[in-house]
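# An overview of the molecular structure
Take a look at the letters that make up each chain.
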Amino acid sequence: MDIQSLSHQLLDIIKEKHVALQKIYQLTYQQSEAIAKKQLNDFLSLSQDKQALIEKTNQLDELFNKHYELAKKSPIGSSFPQILSKHMDLKIMQETIKAIQEIAEKIKLMELQNKDAYKKMLLDMMVSLNQSMASKQDQITRYKRMNDYKKNKP
């Protein structure tokens with residue numbers, strides 16, 4: 001495999017990862033909206049979609065590492081980084097990797113915010129459920145008293 005085709009493959013993998021991370025960012029944003037609207041089902045559905053993309057990015061990382069290791073083991077192996085640095089794709093790779101790092105940081109920050117908001121949403125739901133259960137219990141008690149009163153009424 002020549003350096004040009006190898007560098008193109010590496011670049012394609014990096015670009016595909018960038019696209020996947022952009023989709024993850026969009027899904028993370030949609031999760032934020034779902035949490036704000038207290039739509040737990042939507043949040044969970046988005047989480048499943050996002051998990052599939054996360055797995056894809058992990059596979060792309062493995063594929064990139066595999067290709068890069070192959071390049072290092074090839075006859076040009078030890079000089080691969082120097083040859084690649086003279087190749088046109090390197091600049092595009094560097095720019096894409098920088099964009100990947102930036103979007104990964106944005107995702108990380110939004111994930112932290114979502115985590116806190118999700119915990120608050122669950123806590124609010126638990127409080128609401130407890131209040132509802134207490135109210136139901138109170139209603140049952142009142143109903144039993146009315147029934148007892150009707151039964152004991154002369």
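The coordinates are above.
As a starting point, this report considers the structure included with it.

About the criteria used
Residues numbered from 1 in each chain as written. Predicted model: local features only at pLDDT ≥ 70, side-chain atom pairs only at ≥ 80, totals over all residues. Heavy atoms only, no water. Helix = DSSP H or I, 4+ residues; strand = E, 2+ residues; numbered from the N terminus. Buried < 20%, exposed > 50% of the residue type's maximum accessible area, 1.4 Å probe, protein only. Polar contact = N/O pair within 3.5 Å; in protein donor to acceptor, adjacent residues only side chain to side chain. Contact = heavy atoms within 4.5 Å. Salt bridge = Lys/Arg side-chain N within 4 Å of Asp/Glu carboxyl O.

### A short note on the side chain of lysine 17
Mapping lysine 17 onto the fold places it in helix H1 (residues 3-36). Lysine 17 sits in the buried class, given a relative accessible area of 18%. A polar atom in the side chain of lysine 17 sits 2.7 Å from the side chain of aspartate 61. Apart from residues no more than four positions distant in its own chain, lysine 17 is found in contact with Thr57, Leu60, Asp61 and Ile100.

### Looking at the pattern of salt bridges
Evaluation of the coordinates by the stated rule reveals three salt bridges. Across the salt bridge formed by aspartate 61 and lysine 17, the nearest N and O atoms sit 2.7 Å from each other. Of this pair, aspartate 61 sits in helix H2 (residues 40-73) while lysine 17 sits in helix H1, placing them 44 residues apart in sequence. Across the pair lysine 50 and glutamate 111 runs a salt bridge whose closest N-O atoms are separated by 1.9 Å. Within this pair, whereas lysine 50 is found in helix H2, its partner glutamate 111 is found in helix H4 (residues 89-152), the two being separated by 61 residues in sequence. Look at lysine 50 and you get buried, because its relative accessible area is 6%.

### Notes on the side chain of threonine 28
Following the sequence through the fold, threonine 28 ends up in helix H1. A relative accessible area of 0% means that threonine 28 is categorised as buried. Engagement of the side chain of threonine 28 in a polar contact is seen with the side chain of lysine 50, the distance being 3.1 Å.

By themselves these figures say nothing about function.
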